[in-house]
Amino acid sequence: TFNGNWKIERNDNYEKFMEKMGINMVKRKLAAHDNLKITLEQTGDNFHVKESSAFRNLELDFTLGVTFEYSLADGTELSGSWTMEGDMLKGVFLRKDNGKQLTTTRIVQGDELIQSYHYEGVDAKRIFKKC
Ligand code: MYR
């Protein structure tokens, strides 16, 4: 289950990923230590998400298979949706500014939630611990 409070534990290639996303060095340095926490609450196909970090606090709802809008901390706007494939959440989003695709997955393994990101040939992961 994805339900619970998750706190960022470590990043894998996140710096390179952000660089590919066009995020400047100062912001990348800050974002690498953003203390991201996410709370996920799934009820059937509906998810409630609380996101809190050094940059902002926000809450949002999404439904599997239903397109929604999401803005990154730097203001980049995305539009897309999550679907479930087996035990994995798969997200396909488009950047509104350039039309390019960002894909992401979430999977729970033991007490870790692993979120992967893919953009323009660059892969990264952020690994969260249950808290
Ligand atoms: C959510 O389920 O938490 C809301 C929707 C998330 C959309 C995909 C997030 C991609 C984040 C990429 C971070 C990139 C920073 C350069």
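What comes next concerns the included structure. (Residues numbered from 1 in each chain as written. Predicted model: local features only at pLDDT ≥ 70, side-chain atom pairs only at ≥ 80, totals over all residues. Heavy atoms only, no water.)

### Section: the sheet that holds strand β7 (residues 88–95)
Our working rule: Strands are treated as partners if at least two bridges between them are detected by DSSP. We count a stretch as a helix when DSSP gives it H or I for four or more residues in a row; a strand needs E for two or more, and each element gets its number in order from the N terminus. Geometry is summarised by axes, namely lines fitted to C-alpha atoms with helices restricted to the contacting stretch, and by angles between N-to-C directions that run from 0 to 180 degrees.
Taken in spatial order, the ten strands line up as β4-β3-β2-β1-β10-β9-β8-β7-β6-β5 in an open sheet, and their pairing is antiparallel. Looking at the sheet topology across the chains shown, the edges are occupied by β4 (57–63) and β5 (68–71). Recorded for the sheet is a direction-independent mean angle of 30 degrees between the axes of neighbouring strands. Sheet analysis places strand β1 (residues 4–12) next to strand β2 (residues 37–43), joined by four bridges and oriented antiparallel. For Asn5, the partnering residue across the bridge sits in β2 and is Thr39.

### Details of the pairing of strand β6 (residues 77–85)
As paired strands, β5 and β6 are joined by four bridges and run antiparallel to one another. Among the inter-strand pairings, Tyr70 is bridged to a residue of β6, identified as Leu78. Counted between consecutive antiparallel strands, the loop separating β5 from β6 contains five residues, among which Gly75 sits at a positive phi close to 100 degrees. From the end of β6 to the start of β7, which pair antiparallel, there are two residues, and Gly86 there has a positive phi angle of about 65 degrees.

### Observations concerning the side chain of Thr105
Spelled out, the test is: Polar contacts, as counted here, are pairs of nitrogen or oxygen atoms within 3.5 Å of one another; within protein the pair requires one atom able to donate a hydrogen and one able to accept it, and residues that are adjacent in sequence qualify only if both atoms are side-chain atoms. The contact criterion used is simple: two residues touch if any of their non-hydrogen atoms lie within 4.5 Å.
Take Thr105: it is sitting in strand β8 (residues 101–109). Polar contacts involving the side chain of Thr105 include one to the side chain of Ser116, which spans 2.4 Å. Ignoring sequence-local partners within four residues, the contact set of Thr105 consists of Trp82, Met88, Leu89, Lys90, Ile114, Gln115 and Ser116.

### Focus: unusual backbone geometry
What counts here: Buried means the residue's accessible area, taken with a 1.4 Å probe over protein chains only, is under 20% of the maximum for its type, while exposed means over 50%, and partly exposed covers the values in between.
One non-glycine residue with positive phi stands out, namely Asn13, at about 65 degrees. With respect to the helices and strands, the residue Asn13 is situated in the loop between β1 and α1 (14–20). The phi torsion at Glu120 lies on the positive side, around 50 degrees, for a residue other than glycine. Accessibility expressed as a relative area gives 38% for Glu120, which makes it partly exposed.

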